[in-house]
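Coordinate analysis (summary)
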Amino acid sequence: QVQLVESGGGLVQAGGSLRVSCAASGRTFSRYAMGWFRQAPGKEREFVAGISMTGVRTYYADSVKGRFTISRDNAKNTVYLQMNSLKPEDTAVYYCAATQGVITDERYDYWGPGTQVSVSS
């Protein structure tokens, strides 16, 4: 069992930066690949970024490539998403999730409750 809690969301102006974090409970964090997803109002949830168990491999949606960076600290049971050059279309609830399956597949095993990120123009 893995419990996930996101933090660090908020309101930021376009062009600004924000880092969201996801803290995981339990001693099995390093056995899971981690992902960040987001869901904007009226839209389906979409994959944003993913990272392998060791952090060696990362994956990004085309819409955030070059602007967002996913990282993890297995000693702290935490995964991060650094978001730079934010755009109004990045406004969404951001969710972290854990999987032992395919990183880019939305069928993750555990999900956090989400944190709101709002970008003003």
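Residues numbered from 1 in each chain as written. Predicted model: local features only at pLDDT ≥ 70, side-chain atom pairs only at ≥ 80, totals over all residues. Heavy atoms only, no water.

Some details on the sheet that holds strand β3 (residues 18-24)
With antiparallel pairing, 4 strands are arranged side by side in an open sheet as β1-β3-β8-β7. Strands at the two margins of the open sheet, each flanked by one partner only, are β1 (4-7) and β7 (68-73). Looking at each pair of strands side by side, their axes are set apart by 15° on average, direction ignored. With 6 bridges connecting them, β3 and strand β8 (residues 78-83) associate as antiparallel partners. Residue pairing in the sheet places R19 in a bridge with Q82 of β8. (Pairing = 2+ DSSP bridges. Helix = DSSP H or I, 4+ residues; strand = E, 2+ residues; numbered from the N terminus. Axes fitted to C-alpha atoms, helices over the stretch in contact; angles between N-to-C directions.)

Focus: the nonpolar core
Ranked by internal contacts, the top residues of the largest apolar core, which has 30 residues, are L4, M34, W36, L81, M83 and Y94. Those elements giving two or more residues to this core turn out to be β3, β4 (33-39), β5 (46-51), β7, β8, β9 (92-99) and β11 (115-120). In contact with M34, other than residues within four places in its own chain, are L4, C22, F29, A49, G50, I51, I70, R72, V79, A97, A98 and Y108. Of all hydrophobic cores here, the second largest spans 6 residues; its members include A33, F47, A97 and I103. (Core = buried A, V, L, I, M, F, W, Y, C linked by side-chain atoms within 4.5 Å. Buried < 20%, exposed > 50% of the residue type's maximum accessible area, 1.4 Å probe, protein only. Contact = heavy atoms within 4.5 Å.)

Examining the environment of R19
Here R19 shows up in strand β3. Not counting the four nearest positions on each side in its chain, R19 is found in contact with S7, G8, Y80, L81 and Q82.

A few points about the layout of surface pockets
Take a probe with the size of a water molecule and roll it over the atoms, and the empty space left behind shows itself. Space inside the largest pocket adds up to approximately 160 Å³. Lining the largest pocket are 13 residues, and of these R38, K43, E46, E89 and D90 sit closest to its centre. Per-class residue counts for the lining of the largest pocket are 2 nonpolar, 3 polar and 8 charged. (1 Å grid on protein atoms, 1.4 Å probe; cavity = no way out; pocket = protein on both sides within 12 Å on 5 of 7 lines; lining within 4 Å. Points joined across faces, edges and corners; volume = space filled by probe spheres on them. Nonpolar A, V, L, I, M, F, W, Y, C, P; charged D, E, K, R; others polar.)

Some remarks on unusual backbone geometry
In this structure, N77 is a non-glycine residue whose phi angle is positive, near 55°. Note that N77 resides in the loop between β7 and β8. Using a relative accessible area of 17% as the deciding quantity, one classes N77 as buried.

Points about the packing of aromatic side chains
Applying the stated criterion to the full structure yields 5 aromatic pairs. Three or more aromatic residues joined by ring pairs make a cluster, and in this case those are F37, F47, Y108 and W111. Between R72 and the ring centre of F29, over which it is positioned, the NZ or CZ distance is 4.4 Å. (Phe/Tyr/Trp six-rings, centres within 6.5 Å; stacked < 30°, edge-to-face > 60°. Lys NZ or Arg CZ within 6 Å of the ring centre and 35° of its normal.)

As for the state of the cysteines
A covalent bond bridging the sulfur atoms of two cysteines is what the word disulfide describes. On inspection of all chains with the given rule, the structure shows 1 disulfide. Disulfide partner of C22: C96, at an S-S distance of 1.9 Å. The disulfide joining C22 to C96 has a torsion of about 40° about its S-S bond and is therefore right-handed. Of the two residues, C22 is situated in strand β3 and C96 in strand β9; the sequence distance between them amounts to 74 residues. (Disulfide = S-S within 2.5 Å.)

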